[in-house]
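A structural walkthrough
Each chain, letter by letter, is given below.
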Amino acid sequence: MSRVNIIGLGYIGLPTALMFASHGVEVVGSDTNTELIQTLNSGKLTFREENLEELFTSARSNGIVFQNEYITTDTYIIAVPTPYIKESKKIDPGYVVNAVKSVLKVAPKGAIICIESTVSPGTIDKFVRPAITEKGLKIGKDVHLVHAPERILPGNMIHELKHNSRTVGADYNEIGHKIKELYAKFCESNIVVTDIKTAEMTKVIENTYRDINIAFANELAKICRRENMDVYEIIRVANMHPRVKILQPGPGVGGHCISVDPWFLVGDYPDLVNIILAARHINDDQPEYVLKRIRSIMKEKDIRDVSRIGLYGLTYKEDVDDIRESPTLQLLEKMEEHLAFGIRVYDPFITNNIVEGQYQDFEQFLNDIDMVVVLVAHQHIKENSSKLMNKIVFDTKNVIRTGEIYKL
Ligand code: SAJ
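Below: a short report on this structure. (Residues numbered from 1 in each chain as written. Predicted model: local features only at pLDDT ≥ 70, side-chain atom pairs only at ≥ 80, totals over all residues. Heavy atoms only, no water.)

1. Comments concerning the sheet that holds strand E10 (residues 344-346)
Heads up, the condition is: Strands are labelled as partners when DSSP assigns at least two bridges between them. In DSSP terms, a helix is any run of H or I states spanning at least four residues, a strand is any run of E spanning at least two, and both are numbered starting from the N terminus.
The parallel open sheet is built from six strands, whose spatial order is E11-E10-E9-E12-E13-E14. Bordering the open sheet on either side are strand E11 (358-359) and strand E14 (404-407), each of which pairs with just one other strand. Where strand E13 (residues 392-395) meets E14, four bridges bridge the pair, whose relative direction is parallel. Residue Ile392 lies in a different strand from E14, and its bridge partner there is Glu404.

Take a look at the structure:
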């Protein structure tokens, strides 16, 4: 195996490229974003993630190359975004197809193109294969296709790259095994070789399953609220059953994975989805529910000045700096619609001001508010929970133990 060209150096492509490089694989990481390439070449990372710095240092000392251009080599790994089209809910395969087309311009005969990006079942048949055959190329002869969807959890990526099992879908077993061998350079868990469509479907349903489970927890929270019962205790006890594993309710489901992938199934099988669609609606409506709770707590505590309310947490989940599809941002949009401006916001991970009323100083933020809504369970708030003692706390993540606490 000569050099591997990793295409797309975002949240998945970059850690994967660094992992390969630090395990002795010759890697060229390519991305069309010139600024991103310059940043990486100047020795700086583009996002925060546990243990990523160390991995970056080791990959750089092993000679990883970052550049805009793709190279001529025998293995390509594509990790570009796959958003969904808002109206139809179907996948937008544009970035993947364009990356494949660009690879074809430089790929030698017999090269393997491995797609890591999550795609809806059938995307490779419907969009990627035609992009290859219309160039007069034969799949399986001139070029090989593989789908090896990523499965890592932001916040725990480096550990999971090593320890999670993987799925490799290929048209030919022998090609699948070649890619399996490549991932086995750093992946210490099982690597299952299967066909492409199975790999596509497996990945999407993993995230859909999690979305449904969270929706169930969010629905339970509402039922328990009406009954004045503690949903967290009920879930904790239910989960002691050996075959029950209910996830946690929260302010909504964000990120670029769980809040996106189930829509692919809705878009492609509109006549078959019930539970999948209901779960999406429940989770998407959760910020609205949080707003209702804020209003009722304000009423109960007689808070009339919106500017005395502070939202803690802007990221889509704890201990990451990613704000994509963040429930807090969705809540803020609704608050602008429903309440007057003036709300205050703080997140230790977001060091540039992205919303109105955002603070960079935690103490100052606390000084200026009477009520804090905890929307993200960053380690930071757990460590500083004693500072919330004299505040009215609405804790949507069930992490604060002291003071006057309201829950979902
Ligand atoms: N959330 C809850 N309750 C929970 C767990 C999560 O409300 O009990 C919320 C989070 O706060 C967040 C959202 O759900 O807003 C998604 O967070 P997450 O930690 O569940 O997942 P992601 O989106 O960071 O990563 C998922 C993972 N998929 C699964 O666990 C099945 C990861 O393994 C995938 O690689 C990733 O999607 C992806 O890229 O597809």
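2. A look at the nonpolar core
Rules: To define a nonpolar core, start from buried Ala, Val, Leu, Ile, Met, Phe, Trp, Tyr and Cys residues and group those joined through side-chain atoms within 4.5 Å. Partly exposed residues are those whose accessible area sits between 20% and 50% of the maximum for their type, while under 20% is buried and over 50% is exposed, using a 1.4 Å probe and protein chains only. Only heavy atoms enter the contact rule, under which two residues are in contact if any of them lie within 4.5 Å.
Counting 42 residues, the largest nonpolar core has Leu18, Phe20, Phe66 and Tyr183 as its most contacted members. Listing elements by their share of this core, those giving two or more residues are strand E1 (4-7), helix H1 (13-22), helix H2 (34-41), helix H3 (52-61), strand E5 (111-115), helix H6 (157-163), strand E7 (166-170) and helix H7 (173-183). With six residues, the single largest contributor to this core is H1. Each residue touching Phe20, except ones within four places of it in the same chain, is listed here: Ile6, Val25, Val27, Ile77, Leu182, Tyr183 and Phe186. Among the nonpolar cores identified, the runner-up in size contains 34 residues, and Val231, Val290, Val306 and Met371 belong to it.

3. Things to note about empty space enclosed by the protein
Applicable threshold: Cavities and pockets were defined on a 1 Å grid built over protein atoms only: a cavity is a set of grid points that admits a 1.4 Å probe from which the probe cannot escape, a pocket is an open set flanked by protein on both sides within 12 Å along at least five of seven lines, and lining residues are those with an atom within 4 Å of any such point. Grid points are joined across faces, edges and corners, and a volume is the space filled by probe spheres set on the points. Under the scheme applied, nonpolar residues are Ala, Val, Leu, Ile, Met, Phe, Trp, Tyr, Cys and Pro; charged residues are Asp, Glu, Lys and Arg; polar residues are all the others, including Gly.
Counting across every chain of the model gives one cavity of 30 Å³ or more. Of the volumes computed, that of the largest cavity is approximately 40 Å³. Residues of the lining of the largest cavity, tallied by class, amount to two nonpolar, two polar and four charged.

4. Examining helix H8 (residues 196-227)
Here is the rule we go by: By definition here, a helix of n residues has an expected span of 1.5 Å times n minus one.
The terminal C-alpha atoms of H8 lie 47 Å apart, and with 32 residues this matches the ideal 46 Å at 1.5 Å per residue to within 8%. In the segment just after H8, Asn228 is the residue with positive phi, at about 55°.

5. Side note on the site of the ligand
We count it as follows: Nearness here has a simple test: a residue counts as near a molecule or strand if at least one of its heavy atoms is within 4 Å of that partner. Within 3.5 Å is the distance limit for a polar contact, defined as a pair of N or O atoms, with the added protein rule that one can donate a hydrogen and the other accept it, and that residues adjacent in sequence qualify only through two side-chain atoms. For the area figures, the Shrake-Rupley method with a 1.4 Å probe applies, and any residue is considered shielded solely by the protein chains shown. Throughout, a molecule is located in a cavity or pocket provided that more than half of its atoms lie within 2 Å of its grid points.
The immediate surroundings of the ligand are formed by 20 residues, with Glu150, Arg151, Lys203, Arg210 and Tyr316 found nearest. Arg210 is positioned such that a nitrogen or oxygen atom in its side chain is 2.6 Å from an oxygen atom of the ligand. Taking Lys317, its side chain carries an N or O atom lying 2.9 Å from an oxygen atom of the ligand. Burial of the ligand by the protein chains amounts to 89% of its free accessible area of 770 Å². Most atoms of the ligand, that is more than half of them, are within 2 Å of grid points of the largest pocket. Residue composition of the shell around the ligand, grouped by class: nine nonpolar, four polar and seven charged.

6. Some words on helix H4 (residues 94-106)
Rules: This arc is built from the directions going out from the helix axis to the C-beta atoms.
Spanning 13 residues, H4 covers 19 Å between terminal C-alpha atoms, matching the ideal 18 Å at 1.5 Å per step. Along H4, the residues classified as buried are Val96, Val97, Ala99, Val100, Val103 and Leu104. Buried positions in H4, seen along its axis, are confined to an arc of 160° and lie on one side of it. Of the surrounding elements, those touching the buried residues of H4 are E1, strand E4 (75-78), E5, helix H5 (123-133) and strand E6 (143-147).

7. Regarding the pattern of salt bridges
The line we're drawing: The salt bridge definition used is simple: a Lys or Arg side-chain nitrogen within 4 Å of an Asp or Glu carboxyl oxygen.
According to the stated counting rule, one finds 16 salt bridges in the structure shown. One salt bridge in this structure joins Lys90 and Asp268, with 3.6 Å as the shortest N-O distance. With a gap of 178 residues between them, Lys90 in the loop between E4 and H4 and Asp268 in helix H10 (residues 261-268) connect regions that are remote in the sequence. In this structure, Arg304 engages Asp302 in a salt bridge whose closest nitrogen and oxygen atoms are separated by 2.9 Å. In this structure Arg304 comes out as exposed when scored by relative accessible area, which is 71%.

Without other data, these values stay purely geometric and don't point to any function.
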